[in-house]
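Chain residues, written in single-letter form:
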Amino acid sequence: VQLQAYGGGLVQAGGSLRLSCAASGSIFSINAMGWYRQAPGKQRELVAAISSGGTTNYADSVKGRFTISRDNAKNTVYLQMNSLKPEDTAVYYCNAEVSTFWDTRDYWGQGTLVTVSS
């Protein structure tokens, strides 16, 4: 199973970006999917998560600005980021709890860099 994330880049404060992450491989089902981020010198933190049924939760710092969604037919999770702030600058990682015919475990994407300039 592989998770491929893309969509990062450089944007000015107040701008928007949309991240995507597609899972591929011998997938039986995908449970929760989410986005985490890690800024330089800081620990990785949860940004947003979405269950297989569509229930979402967000970090307080992004509520009202970011929206997580998923397309189960495409095994893809999205993160729409609006009103970006310099403090949103980080490497963003997607995560998914994937069930194969052999086991169920977490998988991580390779990370995509988001840089917000002031």
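The structure displayed is predicted, hence computed values, not measured ones.

(A) Expanded view of a nonpolar patch on the surface. Together, Phe 28, Phe 101 and Trp 102 line one region of the surface with nonpolar side chains, adding up to about 490 Å² of accessible area. Relative to the helices and strands, Trp 102 resides in the loop between β9 (90–99) and β10 (104–108).

(B) How the structure looks around the packing of aromatic side chains. Applying the stated criterion across every chain yields a total of three aromatic pairs. With 6.5 Å between their ring centres and 90° between their planes, Phe 101 and Trp 102 make a pair best called edge-to-face. For the pair formed by Phe 101 and Trp 102, the shared burial category is exposed. Grouping aromatic residues by their ring pairs yields a cluster made of Phe 28, Phe 101 and Trp 102. Here the guanidinium or amino end of Arg 105 rests over the ring plane of Tyr 107, the centre of that ring lying 4.0 Å away.

(C) View of the nonpolar core. With 31 residues, the main nonpolar core has Trp 35, Val 47, Phe 66, Leu 79, Met 81 and Tyr 92 as its most contacted residues. Of all elements in the fold, only β1 (2–6), β3 (17–24), β4 (29–38), β5 (45–50), β7 (66–71), β8 (76–81), β9 and β11 (112–117) reach the threshold of two or more residues within this core. Residues in contact with Val 47, not counting those within four places in the same chain, are Trp 35, Tyr 36, Arg 37, Asn 57, Tyr 58, Ala 59, Val 62, Phe 66, Leu 79 and Tyr 92.

(D) Inspection of the sheet that holds β1 at higher detail. Within the open sheet, the four strands sit side by side as β1-β3-β8-β7. Their pairing is antiparallel. Strand pairing shows two members of the sheet lacking a second neighbour, β1 and β7, which therefore form its edges. Here the average twist between neighbouring strands, direction ignored, is 15°. In terms of strand pairing, β3 meets β8 through six bridges, oriented antiparallel. Among the inter-strand pairings, Cys 21 is bridged to a residue of β8, identified as Val 77.

(E) Structural context of the pairing of β7. Burial of the side chains of β7 is restricted to one face: Phe 66, Ile 68 and Arg 70 are buried, whereas none of Thr 67, Ser 69 and Asp 71 on the reverse face is. Pairing between β7 and β8: six bridges, direction antiparallel. Each bridged residue has a counterpart across the sheet, and for Phe 66 the counterpart in β8 is Met 81.

(F) Looking closely at the side chain of Asn 95. On the secondary structure map, Asn 95 appears in strand β9. Only 3.4 Å separates the side chain of Asn 95 from the backbone oxygen of Tyr 107, close enough to count as a polar contact. Other than its neighbours up to four places away in sequence, Asn 95 contacts Leu 3, Ala 32, Met 33, Gly 34, Tyr 36, Asp 106, Tyr 107 and Trp 108.

Basis of the calculations
- Residues numbered from 1 in each chain as written.
- Predicted model: local features only at pLDDT ≥ 70, side-chain atom pairs only at ≥ 80, totals over all residues.
- Heavy atoms only, no water.
- Patch = residues over 30% accessible without salt bridge, like charges linked within 9 Å, V, L, I, M, F, W, Y side chains within 5 Å.
- Areas by Shrake-Rupley, 256 points an atom, 1.4 Å probe, with all protein chains shown as cover.
- Salt bridge = Lys/Arg side-chain N within 4 Å of Asp/Glu carboxyl O.
- Helix = DSSP H or I, 4+ residues; strand = E, 2+ residues; numbered from the N terminus.
- Phe/Tyr/Trp six-rings, centres within 6.5 Å; stacked < 30°, edge-to-face > 60°.
- Buried < 20%, exposed > 50% of the residue type's maximum accessible area, 1.4 Å probe, protein only.
- Lys NZ or Arg CZ within 6 Å of the ring centre and 35° of its normal.
- Core = buried A, V, L, I, M, F, W, Y, C linked by side-chain atoms within 4.5 Å.
- Contact = heavy atoms within 4.5 Å.
- Pairing = 2+ DSSP bridges.
- Axes fitted to C-alpha atoms, helices over the stretch in contact; angles between N-to-C directions.
- Polar contact = N/O pair within 3.5 Å; in protein donor to acceptor, adjacent residues only side chain to side chain.

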